[in-house]
Amino acid sequence: MSTGAIIGLVVAVVVVLAVLAFLLRPAMQRKKLRDRFGPEYDRAVSQSDSRTAAEKELAEREHRHSEFDLKPLSPSAQESYRRHWATVQAKFVDSPESAIADADRLVTDLMAERGYPTEGYEAQLSVLSVEHARTLEHYRKAHDISERQEIGEASTEDLRTAMVHYRELFTDLLEHGTGSHKDEEAVRKEKSDV
């Protein structure tokens with residue numbers, strides 16, 4: 001085989017690889033976003049005009065999230081939050097409406113201490129979706145019930161359900177998400193080893 005033929009073959013292989021990389025990039029990005037956002041990916045796509053627009057929004061969330069100085073809690077802070085949650089949960093028996101308001105405040109306080117922005121419910125959802133997407137639907141449901149309770153449209157059973165939903169997000173915020181996707185993977189591996 002001549003030198004010209006070898007060079008031609010190498011160029012052809014490089015071109016084919018470049019085309020494949022170009023064609024596979026969107027699929028790889030989509031998989032990365034699906035893995036990262038879980039059910040939030042499907043929700044974003046269903047509520048958007050297009051998959052591309054939804055994926056752009058999720059990528060923007062990741063970018064905004066990376067700008068926050070998120071931190072894990074110290075063991076003593078975690079224990080303090082656990083005790084506070086137990087107090088709120090016990091309060092539910094005598095005062096469910098007040099307990100739900102306290103649960104919402106406690107979740108917001110925990111978010112703030114971890115370094116998440118706490119102004120505005122929609123902004124909270126957006127930022128939480130990056131590391132806590134799997135429990136975000138719990139937050140949506142709890143928030144919805146809390147809003148219904150404020151206008152007198154939530155039963156005691158609804159409030160009990162809200163407390164369960166708040167607890168799911170509270171536990172996830174307390175125990176997971178250090179601002180590092182690598183750390184999240186380590187936690188998942190540790191759980192699968194048990």
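Summary of the structure given here. (Residues numbered from 1 in each chain as written. Predicted model: local features only at pLDDT ≥ 70, side-chain atom pairs only at ≥ 80, totals over all residues. Heavy atoms only, no water.)

**Quick notes on the overall build of the protein chain**
- Per the secondary structure count, the protein chain includes eight helices and zero strands.
- In the protein chain, the succession of α and β elements from N to C terminus is α-α-α-α-α-α-α-α.
- Relative to its length of 194 residues, the protein chain is extended, with a C-alpha radius of gyration of 23 Å against a globular reference of 16 Å.
- The C-alpha extent of the protein chain, read off along each of the three principal axes, is 90 × 40 × 30 Å.
- Looking at the 194 residues of the protein chain, the share that counts as buried comes to 36%.
- With the model as given, the accessible surface of the protein chain reaches about 11,600 Å², and the carbon-plus-sulfur share is 57%. (Helix = DSSP H or I, 4+ residues; strand = E, 2+ residues; numbered from the N terminus. Rg over C-alpha atoms; globule rule 2.2 N^0.38 Å. Buried < 20%, exposed > 50% of the residue type's maximum accessible area, 1.4 Å probe, protein only. Areas by Shrake-Rupley, 256 points an atom, 1.4 Å probe, with all protein chains shown as cover.)

**Here we look at the packing of helix α5 (residues 96-114) against helix α7 (residues 156-175)**
- Orientation of α5 relative to α7, taken along the N-to-C sense of each, is 15 degrees, at an axis distance of 10 Å. As the angle between them shows, α5 and α7 are arranged roughly parallel. Handedness of the crossing formed by α5 with α7: left-handed. Within the contact between the two elements, α5 uses P96, E97, A99, I100, A103, D104, L106, V107, L110, M111 and R114 and α7 uses T156, L159, A162, M163, Y166, L169, F170, L173 and L174.
- Split into classes, the residues belonging to the contact of α5 with α7 amount to 16 nonpolar, one polar and three charged. (Axes fitted to C-alpha atoms, helices over the stretch in contact; angles between N-to-C directions. Parallel < 35°, antiparallel > 145°, perpendicular 65-115°, else oblique. Left-handed = near helix turned anticlockwise from the far one by under 90°. Contact = heavy atoms within 4.5 Å. Nonpolar A, V, L, I, M, F, W, Y, C, P; charged D, E, K, R; others polar.)

**Describing the packing of aromatic side chains**
- Applying the stated rule across the entire model yields three aromatic pairs.
- Between the aromatic rings of W85 and F170, the centroid separation amounts to 4.8 Å while the plane-to-plane angle is 20 degrees, which identifies the pairing as stacked. Of the two residues, W85 is situated in helix α4 (residues 75-91) and F170 in helix α7; the sequence distance between them amounts to 85 residues.
- F170 gets classed as buried once you look at its relative accessible area, which sits at 2%. (Phe/Tyr/Trp six-rings, centres within 6.5 Å; stacked < 30°, edge-to-face > 60°.)

**Thoughts on the pattern of salt bridges**
- One pass over the structure, following the stated rule, counts 16 salt bridges.
- Residues E137 and R140 are paired through a salt bridge, measuring 3.5 Å at the closest nitrogen-oxygen approach. With E137 and R140 both in helix α6 (residues 121-150) and three residues apart, this pair spans about one turn of that helix.
- Classification of R140 as buried rests on a relative accessible area of 12%. (Salt bridge = Lys/Arg side-chain N within 4 Å of Asp/Glu carboxyl O.)

**Observations concerning the nonpolar core**
- Core analysis: the biggest nonpolar cluster contains 32 residues, and V107, L128, Y139, M163, Y166, F170 and L173 have the highest contact counts within it.
- Elements with a minimum of two residues in this core: α4, α5, α6 and α7.
- When residues no more than four places from it in sequence are discounted, the contact partners of Y139 are D104, V107, Y121, Q124, L125, L128, Y166 and L169.
- Counting seven residues, the second-largest nonpolar core is a separate cluster that includes A44, A54, L58 and V130. (Core = buried A, V, L, I, M, F, W, Y, C linked by side-chain atoms within 4.5 Å.)

**Looking at a nonpolar patch on the surface**
- A cluster of nonpolar side chains, contributed by M1, I6, L9, V10, V13, V14, V16, L17 and L20, occupies part of the molecular surface with about 860 Å² of accessible area.
- Its place among the elements puts I6 in helix α1 (residues 3-37). (Patch = residues over 30% accessible without salt bridge, like charges linked within 9 Å, V, L, I, M, F, W, Y side chains within 5 Å.)

**Comments concerning the environment of D172**
- Assignment of secondary structure puts D172 in helix α7.
- We classify D172 as buried; its relative accessible area is 12%.
- It is 37 Å that separates the C-alpha atoms of D172 and F22, two residues lying 150 residues apart in sequence.
- Beyond its immediate sequence surroundings of up to four residues, D172 is in contact with H132 and T135.
- In this structure the side chain of D172 is engaged in a polar contact, spanning 2.8 Å, whose partner is the side chain of H132. (Polar contact = N/O pair within 3.5 Å; in protein donor to acceptor, adjacent residues only side chain to side chain.)

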